[in-house]
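Single-letter residue listing:
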Amino acid sequence: DTTVKQNPRYKLARVGKPVNLICSQTMNHDTMYWYQKKPNQAPKLLLFYYDKILNREADTFEKFQSSRPNNSFCSLYIGSAGLEYSAMYLCASSREEGNYAEQFFGPGTRLTVL
Amino acid sequence: GDSVTQTEGQVTVSESKSLIINCTYSATSIAYPNLFWYVRYPGEGLQLLLKVITAGQKGSSRGFEATYNKETTSFHLQKASVQESDSAVYYCALSGMLSGSFNKLTFGAGTRLAVCP
């Protein structure tokens, strides 16, 4: 099974409220990633977990939190949603093989903040 | 920083015609980036279409081809004869394995391909 699952597929949130998105994979991949995708823009890496180590991009450092309680699950947490967080959130996972690591993507969660 | 440019946001092609989707890259932090094309079909997640990790090499999959050209920093996607089922959004991407950019994918904005019957 090479699928990455994301829940929910669609999320409606109010401004100022928290949001928690879930991703899971059963491929025993050591790395899990979260990307943000806005219309007509490139998917943008927010953060990734390599095993238990969290790496966050510098420009999103304070906006997103994440946890990885075990190898299979990874969450993306927004403490207080703003309108600018409306986007598609893509989860991916990979295992290093040689000098590259293919990333497998989930279908995404579309977040709308009102 | 690193960047990927896809000049066309949308391309419309008639079935059985040829296709080229342009991709150029700038890899300032990676000496030898790996290059990828990902595709997103309607209702599905991004999936890898093809990859090339060595400059000068060509990758191919499902009738699509792309050549890693280090001189022109390009990785254009081509197909000789498109089908309606190729309608999707195509993303060019690069990654490197240096510390600090480990497994990080930098994407282009994507090109939506519409194939008309």
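Note: the structure precedes this text.
Notes on the structure follow. All of these numbers come straight from a predicted model, not from anything done at the bench.

### Structural notes on the packing of aromatic side chains
So, step 1. Scanning the model with the defined rule gives 13 aromatic pairs over all chains in all.
So, step 2. Judged by centre distance (6.0 Å) and plane angle (70 degrees), the rings of F105 of chain A and F107 of chain B are edge-to-face. Of this pair, F105 of chain A sits in strand β10 (residues 103–105) while F107 of chain B sits in strand β11 (residues 105–107), on two different chains. In this structure, F105 of chain A and F107 of chain B share a single accessibility class: buried.

### Regarding the interface of chain B and chain A
So, step 1. Counting residues at the interface gives 20 residues for chain B and 25 residues for chain A.
So, step 2. Here chain B meets chain A over a buried area of about 1,800 Å², counting both sides, of which 60% is carbon and sulfur.
So, step 3. In this assembly, chain B and chain A are joined by one salt bridge.
So, step 4. Close ionic contact of E57 of chain A with K104 of chain B constitutes a salt bridge, the shortest N to O distance being 2.8 Å.
So, step 5. The interface formed by chain B and chain A contains three residue pairs in polar contact (both at pLDDT 80 or more).
So, step 6. When residues of the side of chain B that touches chain A are traced back to their parent elements, those giving at least two are β5 (34–40), β6 (47–52) and β11 of chain B.
So, step 7. Counting residues per element, the side of chain B that touches chain A draws most heavily on β5 of chain B, which supplies four residues.

### Topic: the sheet that holds strand β9 (residues 77–79) of chain B
Residues and elements named next belong to chain B.
So, step 1. Ordered in space as β3-β9-β8-β7, the four strands form an open sheet in which the pairing is antiparallel. Each end of this open sheet is capped by a strand with a single partner; those strands are β3 (19–21) and β7 (58–61). Averaged over all pairs of adjacent strands, the angle between strand axes in this sheet comes to 20 degrees, irrespective of strand direction.
So, step 2. For β7 and strand β8 (residues 64–67), the ladder comprises four bridges, and the chain directions are antiparallel. Among the inter-strand pairings, G59 is bridged to a residue of β8, identified as A66.

### Description of the pattern of salt bridges
So, step 1. If you walk through the whole model with that rule in mind, you get four salt bridges over all chains.
So, step 2. Of the charged contacts in the structure, one is a salt bridge between E65 of chain B and K58 of chain B, with a shortest N-O distance of 3.7 Å.

Definitions and limits used
Residues numbered from 1 in each chain as written. Chains lettered and ligands numbered in written order. Predicted model: local features only at pLDDT ≥ 70, side-chain atom pairs only at ≥ 80, totals over all residues. Heavy atoms only, no water. Phe/Tyr/Trp six-rings, centres within 6.5 Å; stacked < 30°, edge-to-face > 60°. Helix = DSSP H or I, 4+ residues; strand = E, 2+ residues; numbered from the N terminus. Buried < 20%, exposed > 50% of the residue type's maximum accessible area, 1.4 Å probe, protein only. Contact = heavy atoms within 4.5 Å. Buried area = accessible area lost by both parts, 1.4 Å probe. Salt bridge = Lys/Arg side-chain N within 4 Å of Asp/Glu carboxyl O. Polar contact = N/O pair within 3.5 Å; in protein donor to acceptor, adjacent residues only side chain to side chain. Pairing = 2+ DSSP bridges. Axes fitted to C-alpha atoms, helices over the stretch in contact; angles between N-to-C directions.

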